[in-house]
Amino acid sequence: MKFFRTKQVGHLRDLLRDHGIRDEPSLRRLIDGQSSIAHGEATFQVIRARDLGLDNERRSYLDPFEFRETIFDCGDIRLQNSEKIRLVDCVVLGTLFIGNKTGRSISIELDTAAVTGELKLMGGGSIAASISMNSVRAGALSIDALGCSKLHAFDTAFVSTTFSRLECGELLALGNRFGDLTVSDCTFEEVRFPSHQFDMRALGGASGRLRRRAMRTFRPLDFGPLQTYTDEVLAG
């Protein structure tokens, strides 16, 4: 199954803004009983577990796993055999778990996407991954036991972020909100943060946390401008 078109990015922002949607209950009311939602030039597909063919452990075996302008009302989705994951203008109502049992490199691209639960990326420590996240919102981001050639994050926001056992060639992070940040047992060969953001290299050889206190309650479905935060570095 593949729902992917070539329209420009940004229809998800328009859909949420124009319907006044900032939380999961309001989005569920919009999609209740619907298989698609037309909005302007875009038509959002509403995909449920039976449509995606999930097994009894919520696993999908689609490869590539590419969708655009899609709302996944599946609860948890577990991708463990997909070597190419690309989501553009998509919402996952639940948790998205991305792993890999093939032992081959994987490519993960998320552009203007929201995950109301946890976004979890996990490998066996030797898998080479390329990860690109642009305008991604999630309740939590967790990356564990992953070999990563590059990790690029732009305009992302999470309640909490955990990097553990991550071997990363290049970390590039611009304009993000990582919430409570925990880093442990990670190696970064090249790190590029703007001067006003937290210097990840300070945590490169040890555990530590960065707490960012927001001025308002975080909502994974809110794609409005990110707020100014007060940072507090805590001992690991």
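The structure contained in this document is the topic of the report that follows. Note that the structure is predicted; figures quoted are calculated from it, not measured. (Residues numbered from 1 in each chain as written. Predicted model: local features only at pLDDT ≥ 70, side-chain atom pairs only at ≥ 80, totals over all residues. Heavy atoms only, no water.)

Counted residue by residue, strand β9 (residues 128-154) has 20 buried out of 27 residues, so it is predominantly covered. With 15 bridges joining them, β9 and strand β10 (residues 157-174) adopt parallel strand pairing. Counted as the bridge partner of F154 is L174 from β10. (Buried < 20%, exposed > 50% of the residue type's maximum accessible area, 1.4 Å probe, protein only. Helix = DSSP H or I, 4+ residues; strand = E, 2+ residues; numbered from the N terminus. Pairing = 2+ DSSP bridges.)

The set of residues buried in helix α1 (residues 11-18) consists of H11, L12, L15 and L16. Viewed end-on, α1 has its buried residues packed into an arc of 130 degrees, placing them on one side of the element. Taken together, the buried residues of α1 touch α2 (24-31), β1 (36-39), β2 (42-48), β4 (65-73), β6 (84-92) and β8 (106-122). Remark: G20 follows α1 within two positions and exhibits a positive phi of approximately 65 degrees. (Arc of directions from axis to C-beta. Contact = heavy atoms within 4.5 Å.)

Attention now moves to α2. Considered for burial, the residues of α2 that qualify are S26, L27 and I31. Looking straight down α2, one finds its buried side chains confined to an arc of 130 degrees; they lie on one side. Of the surrounding elements, those touching the buried residues of α2 are β1, β2, β4 and β6. Of the residues trailing α2, G33 is marked for its positive phi of about 75 degrees.

This part is about unusual backbone geometry. The linkage connecting D63 with the following residue, P64, adopts the cis geometry, with an omega of 0 degrees. With a phi angle near 50 degrees, S135 is a residue other than glycine that sits in the positive phi range. You can call S135 buried: its relative accessible area is 5%.

Before going further, it helps to examine the pattern of salt bridges. On inspection of all chains with the given rule, the structure shows 16 salt bridges. The partner of R68 in a salt bridge is E69, with the nearest N and O atoms 3.7 Å apart. Its relative accessible area of 0% is what places E69 among the buried residues. Each member of the salt-bridge network shares a partner with another, and the members are E24, R28, R48 and D73. (Salt bridge = Lys/Arg side-chain N within 4 Å of Asp/Glu carboxyl O.)

Attention now moves to the packing of aromatic side chains. A full pass over the atoms with the stated rule returns 4 aromatic pairs. Between F163 and F178, the ring centres sit 6.3 Å apart and the planes meet at 70 degrees, which makes this aromatic pair edge-to-face. Taken together, the positions of F163 in strand β10 and F178 in the loop between β10 and β11 (180-184) put the pair 15 residues apart, joining distant regions of the chain. Among the aromatic residues, ring-to-ring pairing joins F65, F67 and F72 into one connected group. When the ring centre of F97 is taken as reference, the NZ or CZ atom of R78 above it lies at 4.2 Å. (Phe/Tyr/Trp six-rings, centres within 6.5 Å; stacked < 30°, edge-to-face > 60°. Lys NZ or Arg CZ within 6 Å of the ring centre and 35° of its normal.)

Any functional reading would require information that these geometric values do not contain.
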